[in-house]
Amino acid sequence: MNIHEYQAKQMLAQHGVPVPPGGVCDTPEQARAIAAKLISEGATLIAVKSQIHAGGRGKGTFNTGYKGGVRLFKTADEVCEGARAMLGNVLVTKQTGPEGRLVRKLIVATAPNIQKELYLAVLLDRVSSRPVLMASTEGGMDIEEVAAKTPRKIFKETIDPAVGLMPYQARKVAAALGLRGELMNPAVKLLMGLYKTWWDCDASLIEINPLCIIRGGDGKLALQAVDAKMSLEDNALYRHPDLQAMRDLGEEAPLEIEATKFSLNYIKLDGNIACLVNGAGLAMATMDIIQHYGGSPANFLDVGGGASKEQVTAAFRIILQDPNVKGILVNIFGGIMDCNIIATGIVAAVKETSLKLPLVVRLEGNNVVAGKATLQASGLTIISGDSMADAAQKVVAAVKTT
C-alpha cells in the first residue's frame, strides 16, 4: 500500500527524521493561512506540492494547462492562487499516464536553502532476505538512472534484522555521503530514525529523495528530508490499523479496489485478453505466453491457492468491467486448489454474466477430471486448452476472429 508524501513525512518525523516545517491543506484559504504562518516565522520561500501517488510532479502539467505540480512562491497570496490552480484539477506526469491524477491535497512548506541533494532508501533485499540501506551522493535523480550511469556512486549497507541498524553502520554510510564534522551526529540520528520507521511500520520501501544539506537562518548546516516516498507491506497491515487508515482509495483503480473486497490480486493492464490464474508465478507465465503468441494481456488476476466459487464469480465480474477485454483465458494448476471448485465457479460466472466473449479454460492438477466434467456438462461454449501453450494460442486466435 502506498501512502502520500505528507503521510510518509509524518511517520518519519515521529521517528526523529527532520522534515521541512509546514502543513497539509485541501482549500486555497488553508494554503494561504499555512503560508502566512511560515512567513511570519522567517520563511522567505514557500513550496506548494501536489499530493498524488506518482513521481514527476514538478514537471507535470494540469489538465487546465497550468504548469508544475510543485511550485515555489514568495507570498501567501501567491500560494493561495497557486493552490487554487492545483486543487480539484488533474495533474498529468510521466508516471500517471495521460489520464492523470486528481489533486485533492497539498503540502505547503518552507522551501529550505539547499546546499546539496543526497539520496537515501531502506528496502528489502530479496536476494539476501535482509533489509538494505541504500545511499547516493546523486540526490534528486531517479536511482535507476544513477545505477545505469554511475553505479559506483550508490552505497549499500546490509542490515542484520536481529539487531537492526548499528551506529557504526550509520556512521559508515554518513561518511560515504560526505556527512562529516558537524553533520556526522545528525546524519547518524537521521539514518537510525529512517531504519526504525521502516521496521516499525512494516514498510517495503522508504525513499528520501532528496535528502538535503540545508543552511538555516543562523548560517549553520543541517539535514532535512525534503521529499519522501513510503510503501507499506500489505500482508502486515492488520498489525497497523493507524497506517491502514491512511489508504487513499481515490489514488487506486476502481477495479483494483473491488478486487481487494474479495481478496483477489488484480492489476489492470492495457491489453485485450483477460487472465484468471491461481498463483502469481503462473499468472506472470500466462501473461508472457499470451504475449509470445501475439496477444496482449488485459490484466494480472491471481485468485490465490484456495479460491471459492464466490471469488471466481467476482473475478469474472471484475474482468468484464474492463471494456477492452475481448477474450478470457482461465489457467489453473490445482495444488491446494480444487479444479472442480474453479470449474463450478466458471459455470456460475458465465451464466450470471451472460458471457458472450471467447472463453478458453485450461485445468490441470487436483481433481481435474471432475473439473473438466463439470465444464462439459454445463452445455456452455467453453474452449478447452490441453496445455498452457495450447490455451494461449486458442485464446489469441479467438480474439483475432471476433
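Up top you'll find the structure we're talking about.
The shown structure was predicted, so the numbers you read here are calculated from the model rather than taken from an experiment.

The rules we used
Residues numbered from 1 in each chain as written. Predicted model: local features only at pLDDT ≥ 70, side-chain atom pairs only at ≥ 80, totals over all residues. Heavy atoms only, no water. Helix = DSSP H or I, 4+ residues; strand = E, 2+ residues; numbered from the N terminus. Contact = heavy atoms within 4.5 Å. Areas by Shrake-Rupley, 256 points an atom, 1.4 Å probe, with all protein chains shown as cover. Lys, Arg positive; Asp, Glu negative; His and termini not counted. Charge placed at Lys NZ, Arg CZ, Asp CG, Glu CD. Buried < 20%, exposed > 50% of the residue type's maximum accessible area, 1.4 Å probe, protein only. Pairing = 2+ DSSP bridges. Axes fitted to C-alpha atoms, helices over the stretch in contact; angles between N-to-C directions. Parallel < 35°, antiparallel > 145°, perpendicular 65-115°, else oblique. Left-handed = near helix turned anticlockwise from the far one by under 90°. Core = buried A, V, L, I, M, F, W, Y, C linked by side-chain atoms within 4.5 Å. Phe/Tyr/Trp six-rings, centres within 6.5 Å; stacked < 30°, edge-to-face > 60°. Salt bridge = Lys/Arg side-chain N within 4 Å of Asp/Glu carboxyl O. Expected span 1.5 Å × (residues − 1).

Our next topic: the overall build of the protein chain. Each helix and strand in the protein chain was counted, giving 13 helices and 20 strands. Seen through its principal axes, the protein chain has C-alpha atoms that stretch 80 × 50 × 40 Å. In the protein chain, the share of contacts with a sequence separation of at least 24, taken over all contacts with a separation of at least 6, comes to 69%. For the protein chain, the exposed surface amounts to about 18,800 Å²; the carbon and sulfur share of it is 53%. Counting 42 positive and 40 negative side-chain charges, the protein chain places the averaged centre of each group 3 Å from the other.

Another aspect to go through is the pairing of strand β18 (residues 327-334). Burial of β18 is extensive: seven of the eight residues sit out of reach of the surface. In this sheet, strand β19 (residues 359-365) lies alongside β18 in parallel orientation, the contact comprising seven bridges. Bridging from a neighbouring strand, V330 pairs with V361 of β19.

For the pair helix α2 (residues 28-40) and helix α3 (residues 76-86), the least separation of the axes is 8 Å and the interaxial angle reads 150°. Judged by the angle between their axes, α2 and α3 are roughly antiparallel. For the pair α2 and α3, the sense of crossing is right-handed. On α3, the residues that touch P28, E29, A31, R32, A35, A36 and I39 of α2 are A76, D77, V79, C80, A83 and R84.

Before going further, it helps to spend a moment on the sheet that holds strand β2 (residues 22-25). In sheet architecture, strand pairing relies on hydrogen bonds along the backbone and comes in two forms, parallel and antiparallel. A sheet is described by the order of its strands in space; here four strands give the open sequence β2-β8-β3-β5, paired in antiparallel fashion. Of all strands in the sheet, those bounded by a partner on one side alone are β2 and β5 (70-73). In this sheet, adjacent strand axes meet at a mean angle of 20° when their direction is disregarded. Alignment of strand β3 (residues 46-50) against strand β8 (residues 106-110), held across five bridges, turns out to be antiparallel. Each bridged residue has a counterpart across the sheet, and for A47 the counterpart in β8 is A109.

Our next topic: the environment of A76. Within the element layout of this structure, A76 appears in helix α3. A residue is classified by how much of its surface remains accessible, and A76, at 14% relative accessible area, is buried. Taking the C-alpha atoms as reference, A76 lies 5.2 Å from A35; in sequence the two are 41 residues apart.

Core analysis: the largest hydrophobic core is formed by 42 residues, its most contacted members being L120, L133, L179, M230 and L232. Elements represented by at least two residues in this core include exactly α1 (5-14), β9 (114-125), β10 (130-136), α5 (167-176), α6 (184-200), β12 (203-215), β13 (221-225) and β14 (229-232). Ranked by residue count, the leading element in this core is α6, at eight residues. Ignoring sequence-local partners within four residues, the contact set of L133 consists of L120, A121, V122, F155, K156, E157, I159, L165, V173, L191 and L194. In terms of nonpolar packing, the next biggest core, distinct from the first, is built from 33 residues, A298, L301, C339 and L375 among them.

That bond from N209 to P210 is cis: its omega, 10°, falls within 30 degrees of zero. Following the sequence through the fold, P210 ends up in strand β12. Its identity is not glycine, yet N367 carries a phi of approximately 60°, on the positive side. Residue class for N367 comes out partly exposed when judged on its relative accessible area of 34%.

Quick look at the packing of aromatic side chains now. In total, this model carries three aromatic pairs according to the counting rule given. Where F62 meets Y66, the ring centres are 6.0 Å apart and the plane angle is 55°; that geometry is what we call tilted. Overall, F62 belongs to the buried group, its relative accessible area being 3%. Feature note: the residues Y195, W198 and W199 constitute an aromatic cluster, connected by ring pairs.

The next thing to look at is the pattern of salt bridges. A full pass over the atoms with the stated rule returns 20 salt bridges. Note that K49 is salt-bridged to D227, the shortest N-O span being 3.9 Å. Of this pair, K49 sits in strand β3 while D227 sits in the loop between β13 and β14, placing them 178 residues apart in sequence. D227 gets classed as buried once you look at its relative accessible area, which sits at 18%. A salt bridge links E258 to K261, with the nearest nitrogen and oxygen atoms 3.5 Å apart.

With respect to the element layout, I346 can be found in helix α11 (residues 339-353). On a C-alpha basis, the gap between I346 and I382 in space is 9.8 Å, while along the polypeptide they are 36 residues apart. In this view, I346 contacts V312, F316, V330, L359, V361, L375 and I382; residues no more than four positions away in its chain are not counted.

The end-to-end C-alpha distance of α6 is 24 Å, a good match for the 24 Å that 17 residues give at a rise of 1.5 Å each. Buried residues of α6: M184, A187, V188, L190, L191, G193, L194, Y195, T197 and W198, and no others. Positive backbone phi, at 55°, marks D202, one or two positions downstream of α6.

Before going further, it helps to spend a moment on the sheet that holds strand β4 (residues 61-62). With antiparallel pairing, three strands are arranged side by side in an open sheet as β4-β6-β7. This sheet does not close on itself; its edge strands, each paired only once, are β4 and β7 (101-102). Two elements, strand β6 (residues 90-92) and β7, share two bridges in a ladder whose sense is antiparallel. Within β7, the residue paired with V90 across the bridge is L102.

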